[in-house]
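# Examination of the molecular architecture
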Amino acid sequence: MPDRRLPTIAVLATGGTIAGAQSAHASHAYRAGALSVEHLLAAVPGLAQLARIQAGQVASVGSQNMTHAVWAALAQRVDVLCQEASVDGIVVTHGTDTLEETAYFLSLVTRHDKPVVLVGAMRPATAPGADGPANLFHAVALAGCPAARGRGPLVVMNEDIHYAREVQKMACAGVAAFASPNRGRAGVMRAAQAHFFSRNDTVHTRDSIFSLQALEAAGWPRVDVVHAGVGLGDDLIDFLAARASGLVLAGVGDGNATDGALAALQRASAAGVAVVRASRTGSGRVGRNVEVDDDAAGFIAAGELSPQKARILLMLGLSISRDPARLQEFFNQY
Ligand code: SIN
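First, a word on scope: everything that follows refers to the structure included in this document. (Residues numbered from 1 in each chain as written. Predicted model: local features only at pLDDT ≥ 70, side-chain atom pairs only at ≥ 80, totals over all residues. Heavy atoms only, no water.)

To continue, consider the sheet that holds strand β13 (residues 223-227). What the four strands build is an open sheet, ordered β13-β14-β15-β16; its pairing is parallel. Of all the strands in the sheet, the pair left with one neighbour each is β13 and β16 (300-301). Across the face of the sheet, helix α9 (residues 307-318) comes into contact with β13, β14 (246-251) and β15 (274-279) while running at roughly 160° to β14. (Pairing = 2+ DSSP bridges. Helix = DSSP H or I, 4+ residues; strand = E, 2+ residues; numbered from the N terminus. Contact = heavy atoms within 4.5 Å. Axes fitted to C-alpha atoms, helices over the stretch in contact; angles between N-to-C directions.)

So, about the nonpolar core. By size, the foremost hydrophobic cluster in this structure holds 55 residues, and its most contacted members are Ile90, Phe105, Leu314 and Phe331. With eight residues, the top contributor of residues to this core is helix α2 (residues 68-83). Residues contacting phenylalanine 105, with those up to four places away along its chain left out, are Trp71, Ala75, Leu212, Leu215, Trp220, Ile312 and Leu316. Within the second largest apolar cluster, 34 residues are counted, among which are Leu47, Leu50, Val91 and Leu142. (Core = buried A, V, L, I, M, F, W, Y, C linked by side-chain atoms within 4.5 Å. Buried < 20%, exposed > 50% of the residue type's maximum accessible area, 1.4 Å probe, protein only.)

Moving on: the pattern of salt bridges. Summed over the entire model, instances satisfying the criterion amount to 13 salt bridges. When the shortest N-O distance is used, the salt bridge between aspartate 97 and lysine 169 registers 2.7 Å. With aspartate 97 in the loop between β5 (89-93) and α3 (99-109) and lysine 169 in strand β9 (residues 168-169), this residue pair connects regions lying 72 residues apart in the sequence. For aspartate 97, a relative accessible area of 45% puts it in the partly exposed group. For lysine 169, a relative accessible area of 19% translates into the label buried. A salt bridge links aspartate 113 to arginine 206; its shortest N-O distance comes to 3.1 Å. In this pair, aspartate 113 sits in the loop between α3 and β6 (116-119) while arginine 206 sits in the loop between β12 (193-196) and α5 (212-217), placing the two residues 93 residues apart along the sequence. On the basis of relative accessibility, which here comes to 42%, the residue arginine 206 falls in the partly exposed class. It is possible to trace a salt-bridge network through shared partners that takes in Arg165, Glu166, Arg183 and Glu304. (Salt bridge = Lys/Arg side-chain N within 4 Å of Asp/Glu carboxyl O.)

Looking now at the site of the ligand. Taken together, the neighbourhood of the ligand is formed by Gly16, Thr17, Tyr30, Gly62, Ser63, Gln64, Gly95, Thr96, Asp97 and Ala121. Between an oxygen atom of the ligand and a side-chain N or O atom of serine 63, the distance comes to 2.6 Å. Contacts to the ligand include alanine 121, whose backbone N or O atom sits 3.2 Å from an oxygen atom. Counted by class, the shell around the ligand contains two nonpolar, seven polar and one charged residues. (Near = heavy atom within 4 Å. Polar contact = N/O pair within 3.5 Å; in protein donor to acceptor, adjacent residues only side chain to side chain. Nonpolar A, V, L, I, M, F, W, Y, C, P; charged D, E, K, R; others polar.)

Right, let's get into α3. In terms of residue burial, α3 counts as a mostly covered element, since eleven of its eleven residues are buried. Considered for burial, the residues of α3 that qualify are Leu99, Glu100, Glu101, Thr102, Ala103, Tyr104, Phe105, Leu106, Ser107, Leu108 and Val109.

The terminal C-alpha atoms of α2, which comprises 16 residues, lie 23 Å apart, in line with the 22 Å expected from a rise of 1.5 Å per residue. For α2, every residue scored as buried is listed here: Val70, Trp71, Ala72, Leu74, Ala75, Val78, Leu81 and Cys82. (Expected span 1.5 Å × (residues − 1).)

Attention now moves to the sheet that holds β12. Pairing is mixed across the open sheet formed by eight strands, whose spatial order is β4-β1-β5-β6-β7-β8-β11-β12. Edge positions in the open sheet fall to β4 (52-61) and β12, since each of these has one partner strand only. Within this sheet the neighbouring strands show an average axis-to-axis angle of 25°, counted without direction. The strands touched by α3 within the sheet are β6 and β7 (154-157), with β6 carrying the most contacts at an inclination of about 170°. Taken strand by strand, helix α4 (residues 132-143) contacts β1 (8-15), β4, β5, β6, β7, β8 (160-163), β11 (187-190) and β12, and its axis lies near 155° from that of β5.

Now the structure itself:
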């Protein structure tokens, strides 16, 4: 008989290594998203003492194949569940490769106080020492925790709690792959208890002006990322500028690139393509008019957002405005 005093947590699975199955225990090779949500839940000891679980399968993909269609379905499911009085919190299981993008996307298009916790694993479910069960245990505990309310979507990995806007996958292997490089972790999980270090002082998801409806009405504006490096030419930028509504420069240092690339980006901007300068370094803040004259070029500075998150904000921004000044306001705020 389920304990009525326990929180009710909806667990939505999308695939990833957390649901990955190897062909052999000693094998590096595995298929992400092979196992069902029921299988993942059955592998977590003590879950029945934490929460009453409602399980749902939204997708079964490796997160390198996450799509805008799955994002839309996920955001809609989260919205519906957040409106159900019987649901106290939501957990989304996800591949780690693009987990930070889905978390940030949800933080901009869903507006609720209920905890929404994204979680993944670095080792497949069938590997010795799989980290998925412990991560999922903590995610369910966090989603049922009153202190997690009102903080927007959170990510829990390896006992660390991160805010959606801050979290980043920093390594391609190892269970400690996630960090919040600019502002630090939101807190830690210890023995099913959440300990938050501070309140997030970035804009709350509830106040976001973006919506899935506006994004769909705008047709999910195409935004591409250009990775800068020594000798970056202008031909790739010219090619993309003819096709995209927005471009994000994953620039060297504080969002810089060769003179030729900057000239191509300036041409793109003059032709009405929104151009955001971000940094490929992994942390820090790209400000306006430092080494590049953004005012003259019509560029937007990404602030603390990584190129992959800048791409999401620009896509959503373009669903409201194409004016670089307005888009810059969004980057200053979100
Ligand atoms: C994926 O992102 O689906 C594969 C990698 C992972 O989950 O760790």
